[in-house]
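So the chains spell out like this:
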Number of protein chains: 2
Amino acid sequence: MPASSSAQLSEFDLIRRFFTRPAHKAVLGVGDDCALIEGRPGHHLAISTDMLVSGRHFFPDVAPRALGHKALAVNLSDLAAMGAEPRAFTLALALPEAEPGWLAELAAGMLALADAHGCELIGGDTTRGPLTLSLTVFGDVPARMALRRDAARAGDDIWISGTLGDARLALGDCRGEWLLPEPDFSQVRPRMDTPTPRVALGMALRGVAHAALDISDGLVGDLGHILERSQVGALLDVDALPRSEVMASQPEARQLECTLAGGDDYELCFTAPAGSRDTVAAIGARLRLPLTRVGAITPEPGLRLVNREGNPCAYTGSGFDHFASP
Amino acid sequence: MPASSSAQLSEFDLIRRFFTRPAHKAVLGVGDDCALIEGRPGHHLAISTDMLVSGRHFFPDVAPRALGHKALAVNLSDLAAMGAEPRAFTLALALPEAEPGWLAELAAGMLALADAHGCELIGGDTTRGPLTLSLTVFGDVPARMALRRDAARAGDDIWISGTLGDARLALGDCRGEWLLPEPDFSQVRPRMDTPTPRVALGMALRGVAHAALDISDGLVGDLGHILERSQVGALLDVDALPRSEVMASQPEARQLECTLAGGDDYELCFTAPAGSRDTVAAIGARLRLPLTRVGAITPEPGLRLVNREGNPCAYTGSGFDHFASP
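Residues numbered from 1 in each chain as written. Chains lettered and ligands numbered in written order. Predicted model: local features only at pLDDT ≥ 70, side-chain atom pairs only at ≥ 80, totals over all residues. Heavy atoms only, no water.

Enquirer: Looking at this model, I keep getting lost on the overall build of chain A. Mind explaining?
Expert: Within chain A, the secondary structure is distributed over ten helices and eleven strands. Taking 326 residues into account, the globule formula puts the C-alpha radius of gyration at 20 Å, and chain A, at 20 Å, falls close to it. Within chain A, the fraction of its 326 residues that count as buried is 60%. A separation of at least 24 residues holds for 85% of the contacts in chain A among residues at least 6 apart in sequence. Just so you have it, chain A exposes about 12400 Å², and 52% of that area is on carbon and sulfur atoms. (Helix = DSSP H or I, 4+ residues; strand = E, 2+ residues; numbered from the N terminus. Rg over C-alpha atoms; globule rule 2.2 N^0.38 Å. Buried < 20%, exposed > 50% of the residue type's maximum accessible area, 1.4 Å probe, protein only. Contact = heavy atoms within 4.5 Å. Areas by Shrake-Rupley, 256 points an atom, 1.4 Å probe, with all protein chains shown as cover.)

Enquirer: Looking at this structure, I do not really get the confidence of the model for chain A. What am I missing?
Expert: Of the residues in chain A, 93% have a pLDDT of 70 or more, and the chain-wide mean is 90. Across residues 1–7 of chain A the pLDDT falls below 50, and counting only partners more than four positions away or on other chains, this stretch makes 15 contacts in the model. (pLDDT = per-residue confidence, 0-100.)

Enquirer: What is the right way to look at the UniProt feature "binding site: Mg(2+) 1" (unreviewed entry) in chain A in this model?
Expert: Residues and elements named next belong to chain A. Feature annotation in UniProt places "binding site: Mg(2+) 1" (unreviewed entry) on T49, D50 and D125, given in this structure's numbering. Mapped onto the elements, T49 comes out in strand β2 (residues 43–53). We classify T49 as buried; its relative accessible area is 5%. As for its placement among the helices and strands, D125 is situated in strand β4 (residues 120–128). (UniProt positions renumbered as here; feature names shortened; annotations may be inferred.)

Enquirer: Honestly, the domain arrangement of chain A in this entry has me stumped. Any pointers?
Expert: It is common to report an interface's size as the accessible area lost on association of the parts. Residue and element names in this part refer to chain A. Here chain A is partitioned into domain 1 (4–142) and domain 2 (157–306). A separation of 26 Å is found between the C-alpha centroids of domain 1 and domain 2. For the domain 1 and domain 2 pair, buried surface summed over both sides reaches about 1500 Å², with 65% attributable to carbon and sulfur atoms. Viewed at the interface, domain 2 and domain 1 are joined by one salt bridge. Across the pair D264 and K70 runs a salt bridge, and its minimum N-O distance is 2.9 Å. At the junction of domain 1 and domain 2, the tally comes to six residue pairs in polar contact (both at pLDDT 80 or more). Breaking the side of domain 1 that touches domain 2 down by element, the ones donating at least two residues are α2 (64–82), β3 (85–95) and β5 (132–142). By residue number, the principal contributor to the side of domain 1 that touches domain 2 is α2, which donates ten residues. (Domains from an automatic or database assignment. Buried area = accessible area lost by both parts, 1.4 Å probe. Salt bridge = Lys/Arg side-chain N within 4 Å of Asp/Glu carboxyl O. Polar contact = N/O pair within 3.5 Å; in protein donor to acceptor, adjacent residues only side chain to side chain.)

Enquirer: Help me out: how do you make sense of the interface of chain A and chain B in this one?
Expert: On the chain B side, the residues contacting the 70 residues of chain A number 70 residues. Buried area between chain A and chain B, summed over both chains or domains, comes out near 5500 Å², and the portion from carbon and sulfur atoms is 57%. Across the chain A-chain B interface, the total number found is four salt bridges. Where chain A meets chain B, there are 18 residue pairs in polar contact (both at pLDDT 80 or more). Of the residues assigned to the side of chain A that touches chain B, the class counts are 34 nonpolar, 18 polar and 18 charged. (Nonpolar A, V, L, I, M, F, W, Y, C, P; charged D, E, K, R; others polar.)

Enquirer: I'm lost on the packing of helix α4 (residues 166–175) of chain B against helix α5 (residues 182–193) of chain B in this one. Help?
Expert: Packed helix pairs are characterised by how far apart their axes lie and by the angle those axes make with each other. Residues and elements named next belong to chain B. Here α4 crosses α5 at 110 degrees, and the two axes come no closer than 7 Å. As judged from the angle between their axes, α4 and α5 are roughly perpendicular. In this structure, α4 uses D166, A167, L169, A170, L171, D173 and C174 to contact α5, whose residues at the interface are F185, V188, R189, R191 and M192. When the residues that make up the contact of α4 with α5 are grouped by side-chain class, the tally is eight nonpolar, no polar and four charged. (Axes fitted to C-alpha atoms, helices over the stretch in contact; angles between N-to-C directions. Parallel < 35°, antiparallel > 145°, perpendicular 65-115°, else oblique.)

Enquirer: It is not clear to me how the state of the cysteines should be interpreted in this structure. Could you clarify?
Expert: Joining two cysteines, a disulfide is a covalent bond between their sulfur atoms. Under the definition given, this model contains zero disulfides over all chains. Unpaired in terms of disulfides, C258 of chain A finds its nearest cysteine sulfur in C174 of chain A, a separation of 12 Å. Given the relative accessible area of 0%, C258 of chain A is considered buried. C269 of chain B takes part in no disulfide bond, and the closest cysteine sulfur, belonging to C34 of chain A, lies 16 Å away. (Disulfide = S-S within 2.5 Å.)

Enquirer: Explain the pattern of salt bridges here, please?
Expert: Pairing of side chains with opposite charge becomes possible as their charged atoms draw close. Across all of its chains, the model carries 32 salt bridges over all chains by this definition. Residues joined by salt bridges that share partners form a network here, namely R40, E85, R87 and D140 of chain A.

Enquirer: Before we go on, may I ask you to explain the side chain of T132 of chain B in this structure?
Expert: Along the chain, T132 of chain B turns up in strand β5 (residues 132–142). For T132 of chain B, a relative accessible area of 0% corresponds to the buried category. Within the local environment of T132 of chain B, its side chain forms a polar contact with the backbone oxygen of P130 of chain B, the two atoms lying 2.8 Å apart. When near neighbours in sequence (up to four residues on either side) are disregarded, T132 of chain B contacts M51 and T132 of chain A together with M51, L52, V53, A92, L93 and A94 of chain B.

Enquirer: What am I meant to see in unusual backbone geometry here?
Expert: Most peptide bonds take the trans configuration, and most residues that are not glycine carry a negative phi. Positive phi values are uncommon outside glycine, yet R288 of chain A reaches one of about 50 degrees. For R288 of chain A, the location among the structural elements is in the loop between α10 (277–287) and β10 (291–298). For R288 of chain A, a relative accessible area of 78% translates into the label exposed. The phi torsion at R144 of chain B lies on the positive side, around 65 degrees, for a residue other than glycine.

Enquirer: When you look at the environment of C119 of chain A in this model, what are you seeing that I'm missing?
Expert: Residue and element names in this part refer to chain A. Assignment of secondary structure puts C119 in the loop between α3 (100–116) and β4. A sequence separation of 97 residues divides C119 from S216, and the C-alpha atoms of the two residues are 21 Å apart. In this view, C119 contacts L76, P86, R87, A88, F89 and A114; residues no more than four positions away in its chain are not counted.

Enquirer: Can you walk me through the sheet that holds strand β10 (residues 291–298) of chain B in this structure?
Expert: Strand pairing within a sheet occurs via backbone hydrogen bonds; the two strands may be parallel or antiparallel. Residues and elements named next belong to chain B. With respect to topology, six strands assemble into an open sheet ordered β7-β9-β6-β10-β8-β11, the strand pairing being mixed. A single partner strand is all that each edge strand has here, and the edge strands are β7 (212–214) and β11 (302–306). Taking the axes of each pair of neighbouring strands and ignoring which way they run, one obtains an average angle of 25 degrees across the sheet. Here three bridges tie β7 to strand β9 (residues 268–272), and the two strands are oriented antiparallel to one another. Residue pairing across strands places L213 opposite C269, the latter belonging to β9. Those strands touched by helix α2 (residues 64–82) are β7 and β9, and its axis lies near 170 degrees from that of β7. Contacts from helix α10 (residues 277–287) reach β6 (157–161), β9 and β10, with the element oriented near 150 degrees to β10. (Pairing = 2+ DSSP bridges.)

Enquirer: Just to check I follow, could you spell out the environment of T194 of chain B for this structure?
Expert: Residues and elements named next belong to chain B. Counting through the fold element by element, T194 comes out in the loop between α5 and α6 (199–204). Residues T194 and V74, spaced 120 residues apart in sequence, show a C-alpha to C-alpha distance of 9.6 Å. Beyond its immediate sequence surroundings of up to four residues, T194 is in contact with A66 and H69.

Structure representation (structure tokens):
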């Protein structure tokens, strides 16, 4: 965020100017002690919170429009992973200072994505502090239809939406871990900066998928949550993992690292009975979103990685952990 | 927060160890992509978010138990101001590091207050970063019974719960603006460190009060929100403002500053028809909470401060603004 403090906006001016719009679906939106929403009959309200910290989840000089998009996208991705339909969100924002141009861009990126999903900003908090965004999102899901982590069953196929690892590939370039040719970097960078939450897919998988989650910390770690919660294991074909053309042109070890442990792609990983393959394929075709079968749930616990010949794969990395990682 | 990093807890261990308890009222609690709650028939869901930043909302060396209490208390206070019954909350937490002893205390302070109000922790997010807490709280309020800021009417009495300014008095001592005798500081300090959200009062005022809010930024600024939203004015008797014995023993100018502009007391300010005075008094008696009539809503806009003789009071301060203040 730029160091200029030319314009001293008050907290209330700031909220009014950039983040207050009339609520259409909520009973009461921004501006009171609380927002008010009405429960949808026969539905549960799905709720998720994510916090993004400067220097940790995004580079301090990130384009504010992309940051606004991403902050909401990662939260909508949690709704998608539950099969919920986005409805509303709140935003708590700590800022070193109130810079109008920067805030206008942040709001534009965030509210454009919100509008695309019919997700209203209904409340929030603004304070001075190290740049931090904390969003809480709300979505509707028909009672007992939510896609939970504890619902995988032995024999289920394991599916992945889209492609894996491009966000990690772009991040590695930004960090200087490797250098991509400019056209390749331009291809993968939007996967890191402006991820696409798979909201329509999550809703389409209601009643089809058993378990689901979004891949934010890396496939191995995230799939591990499904296995642990469902008390099952999995056999995963690392050569089947869907990858972009840019990813497929990388050295083999980097492909493994990015597809298995790269976070931030926000694709969905879900399990579904083998008898639902045609249904899943039809959903992918309707949404024009590749859905790839990458393995199967097993009764014995543990995650076993194999290659296309069925031989064990020696990958030893793990998911991202905010406290274990440097 | 202490600088020790002796124990490296993983993010998942940390959540499990300190912040995961079985959900009783929620359909699904901590541990999935989203929490799930069910709407209460005939009720609206009240939602509020507050963010607390180290060095801004609390001293970096604050006792973690008090911090845990306060972080939830200020959010419950928003539910109280709406007349809502607490139900659940989410916690997003950025920490410089995961220090088990400190986290255990934070959780203890927060969850004790949560239990006292039947408010379940249903989800959250943990990350490394500058110490920041962002909570979102959920409460139930019968449809059309919420105490909104835009509902004050000319002729209404203005009421204040408890006493005003003690939190500001304690803060001034901590900041070296003034020095209180030790027994006085001990009296007022809990008002700053562990405020009491007026939840039972908010619920009791349903159908009695017109407008309400909680005083977090100072009475003048906060009452101003009611006046602006309701398009009315007010006449406020500064000598009638309820104050503790310690406050009443302070120099006159300091009393004015603390009671009119001191934030962080989290008392309720509400308006009610003059015909409801007995009802309000009965509520105060039942809850053993002083409720003091301090002025009246007027049709002409603007806030006029007078003393007990009815002469204008020359106070020129204003409410707290996170960006206008240093």
